[in-house]
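A look at the structure
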Amino acid sequence: MLKMLKGLLVKLKESAVAVIPMTVIVILMSYIIGLDGKLIFNFLLGALMLIIGLSIFSLGAETSMMTIASEIGGFLVRKKKLALLIGVIFTVGFLITVAEPALWVLGDQFSSVVNPLILVFTVSIGTGIFVVLAILRIVFQFSLRTLVIIGYSLVFVVAGIVSIFNPSFIPVAFDSGGVTTGPMAVPFIMALGLGLSQARGDKDAETDSFGLIGVASVGPIISVLVLGLFFSPQTPTMDLDSTFIDYFHVNLIQMLIAILPFMFFFLLFQFTVFKFSKEKVASILVAFGYVYIGLVIFLTGANAGLVNLAYQLGNFFATRSYAWIIIPIGMLFGYISIAAEPSVMVLNKLVEDVSAGTVTKKMMLVSLSIGVSISIGLANLRVLTGISIWWIILPTYIVIMLLTFITPKTFYAIAFDSGGAVSGALTSAFLMPFTFGAGMGIDPTGSSILTDAFGLVAFVAMTPLLTIQLLGLMSRVKEYRATSRIKIPDTVIHLEEDTK
């Protein structure tokens, strides 16, 4: 109990350090421009709930998700049965995506476009299929680069077809791929890959554990693009009326529905495979309780405390004569908010551990923050100008794919994982409402919202693929310069002096 309490205090400190900078800047800005005091108070309460919820969730996820994922990975490698591996991995990928909080946030915001349950299950099926492909890559040791290039080529082919019939659905599909891999999916899928890789036991095992998140993010984009062939576009709306109590009740039910199947899945494996001691089972079940409580508190604070104020901020600046200011302000919010994403905290720690400190948490955080900052700037540029998402997303992905041929393997694998990890619940609950509010300020009819204001999550998931690979190239150049310097041994200098 004492150990758990100490762990919680550590997590509270980490969460506070991540959330407080964003909170202070947003509160000061809101006070200066004269936003309603109730909005500011709700934001403060929401930020406090973010800190508490994030701390409790992180504590539970490390004990439950990571342990189960690693054990399942090792078991599947030992069994060496392909059909079993595919069935188990698809089920796990599906269930962990259904439990993803950021996906439910996105589903609520797209409720006027498509039924949230249909969106959640469609995304989960796509994720399950591509998690299987990502795991098969580890088992059969084929190129991550090849799989990613094939996957994104398929994405753009399908997107090209859908754009003929339903072009406004394209941003929705790309956003869905971004939010799939959040605080539930990132630790679990990465630990699963690490368990499989370590059980394989060769020299490339740890490197091959990266890239799963990036591959898993491709599936939902394709599945939601296909969904776009069956749904007519409608003007989306954003819930600005629900209270903390309303969201608390909804999250209690939604997260219970999301987590219970996963707990049953664990118990099935416990009785048939794991055979953990009673103490360990009790510890994991308690950890699941922490995950549940943490997610309920986190999502309630994010939705009830952050959405309204973010929307009003975006709307306020977009209706001024200097509406261009939404670009630098959005970039500032993007830079400071990424540190508070639960999945980013998990990813950065895993990367530092597996890379043996070669890629530090600080390096990752700075690179991701710069990437997300650029993303929000691009998203708000689209709101101002109405430029098509294709003009940004297609050339950027071509550059990203070309970079994989010159970037060190570890870095481009980490880059694709990072793209999925940064676009989590906080992106959906703060950055999207800010851009949505800006869009409604520029076009009060809302007729262009679906095409211009959505797509933000797609940019957030895209730019870290660029910045992390550039970080890898800088690392390679630095390493080359260090090894290319020829140091003249002292003995040679002495010999030259003697001959003189």
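Residues numbered from 1 in each chain as written. Predicted model: local features only at pLDDT ≥ 70, side-chain atom pairs only at ≥ 80, totals over all residues. Heavy atoms only, no water.

Re the nonpolar core
Membership of the largest hydrophobic core comes to 157 residues, with the highest contact counts inside it found for Met 65, Ile 72, Met 184, Phe 188, Leu 225, Phe 333 and Tyr 397. For Tyr 397, the residues in contact, after removing those within four places along its chain, are Tyr 152, Phe 156, Met 462 and Leu 465. Residues Phe 244, Tyr 247, Ile 297 and Ala 304 belong to the second largest nonpolar core, which totals 6 residues. (Core = buried A, V, L, I, M, F, W, Y, C linked by side-chain atoms within 4.5 Å. Buried < 20%, exposed > 50% of the residue type's maximum accessible area, 1.4 Å probe, protein only. Contact = heavy atoms within 4.5 Å.)

Some thoughts on helix H2 (residues 37–79)
When the terminal C-alpha atoms of H2 are compared, their 60 Å separation across 43 residues agrees well with the 63 Å that a helix rising 1.5 Å per residue should span. When the local axis directions of H2 are compared, the greatest deviation, roughly 40 degrees, occurs at Ala 61. A side-chain oxygen of the first residue of H2 lies 3.2 Å from the backbone nitrogen of Lys 38; this N-cap is Asp 36. Among the residues trailing H2, Lys 80 stands out with phi positive, at a value near 55 degrees. (Helix = DSSP H or I, 4+ residues; strand = E, 2+ residues; numbered from the N terminus. Expected span 1.5 Å × (residues − 1). Bend = angle between axes of the 7 residues up to and from the residue. Polar contact = N/O pair within 3.5 Å; in protein donor to acceptor, adjacent residues only side chain to side chain.)

What to know about the packing of helix H16 (residues 361–385) against helix H18 (residues 409–422)
H18 packs onto H16 with a crossing angle of 60 degrees between their chain directions and a minimal axis gap of 11 Å. Of the possible angle classes, the one that applies to H16 and H18 is oblique. For the pair H16 and H18, the crossing hand works out as right-handed. Together, Met 364, Leu 368 and Val 372 of H16 and Ile 414, Ser 418 and Val 422 of H18 make up the contact between the two elements. Of the residues that constitute the contact of H16 with H18, the class distribution is 5 nonpolar, 1 polar and no charged. (Axes fitted to C-alpha atoms, helices over the stretch in contact; angles between N-to-C directions. Parallel < 35°, antiparallel > 145°, perpendicular 65-115°, else oblique. Left-handed = near helix turned anticlockwise from the far one by under 90°. Nonpolar A, V, L, I, M, F, W, Y, C, P; charged D, E, K, R; others polar.)

A word on the environment of Phe 265
Assignment of secondary structure puts Phe 265 in helix H12 (residues 244–274). Sequence separation between Phe 265 and Val 88 is 177 residues; the distance between their C-alpha atoms is 9.8 Å. Once residues within four sequence positions are removed from consideration, Phe 265 is found in contact with Ile 72, Val 88, Thr 91, Val 92 and Leu 95.

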